[in-house]
Amino acid sequence: QVQLVESGGGLVQAGGSLRLSCLASGRTFSRYSMAWFRQAPGKEREFVAGVNWNGGSTYYVDSVKGRFTISRDNAKNTVYLQMNSLKPEDTAVYYCAATTKPSAPTSTLQYDSWGQGTQVTVSS
C-alpha cells in the first residue's frame, strides 16, 4: 500500500479557488491510478476526479467538469486537484485515494489506500 496525506483545504467564498495536494509515500507512486473523492455531511462518499498512472487520462464527475482539474507529478509523488469557480455545494471533506487498477474507477471499493481527508468549505 501507499500512504497518502492531503493538504490545501480551507474556507473560500463562492467563485473562489483552492488547490488540493496529496503527497504519497511508500511503494512506487507511478504504479497507481489516483483519484479525489468527497463526502458531505449525511451523504455518501462520491468520486470527483481521477487520473491514470502517467497523467494521460483524466476522469471527472459531471458536476465539476470545466471547473476542476486533476493532475499528477510522479517525480514529486504528488497528485493535485485545482478547484475553480467553487460553489457552496462543493463543501465536503475531500479524500485522496490510490488504486492499482489501470484507470481511475469511480467506486470506493476499487481503492486500496486513502488519505485522512481535508475539509473544503465554500461560503455563499
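Everything here concerns the structure above.
Residues numbered from 1 in each chain as written. Predicted model: local features only at pLDDT ≥ 70, side-chain atom pairs only at ≥ 80, totals over all residues. Heavy atoms only, no water.

Trainee: Help me understand the state of the cysteines in this model?
Mentor: Two cysteines, two sulfur atoms, one covalent bond between them: this is a disulfide. What the rule picks out here adds up to one disulfide. Disulfide partner of C22: C96, at an S-S distance of 2.1 Å. Classification of the bridge connecting C22 and C96 rests on its S-S torsion, roughly -80 degrees, and on that basis the disulfide is left-handed. Here the residue C22 occupies a position in strand β3 (residues 18-26), and C96 occupies one in strand β9 (residues 92-99), the gap between them amounting to 74 residues. Like C22, the residue C96 is buried in the burial classification. (Disulfide = S-S within 2.5 Å. Helix = DSSP H or I, 4+ residues; strand = E, 2+ residues; numbered from the N terminus. Buried < 20%, exposed > 50% of the residue type's maximum accessible area, 1.4 Å probe, protein only.)

Trainee: I would appreciate a short explanation of the packing of aromatic side chains in the present structure.
Mentor: Two descriptors summarise a pair of aromatic rings, namely the distance from one centre to the other and the angle between the planes of the rings. Summed over the entire model, instances satisfying the criterion amount to four aromatic pairs. Measuring from ring centre to ring centre gives 5.6 Å for F37 and F47, while their planes differ by 85 degrees; the resulting arrangement is edge-to-face. Linking F37 in strand β4 (residues 33-39) with F47 in strand β5 (residues 46-51), this pair joins segments that are ten residues apart in sequence. This pair shows no difference in class: F37 is buried, exactly as F47 is. (Phe/Tyr/Trp six-rings, centres within 6.5 Å; stacked < 30°, edge-to-face > 60°.)

Trainee: Looking at this model, I keep getting lost on the nonpolar core. Mind explaining?
Mentor: For soluble globular proteins, the rule of thumb is that nonpolar side chains tend to be buried together. Ranked by internal contacts, the top residues of the largest apolar core, which has 28 residues, are M34, W36, V79, L81, M83 and Y94. When residues of this core are traced back to their parent elements, those giving at least two are β1 (2-7), β3, β4, β5, β7 (68-73), β8 (78-83), β9 and β11 (118-123). The next biggest cluster of nonpolar side chains, apart from the first, holds six residues, and it includes F37, F47, A97 and A104. (Core = buried A, V, L, I, M, F, W, Y, C linked by side-chain atoms within 4.5 Å.)

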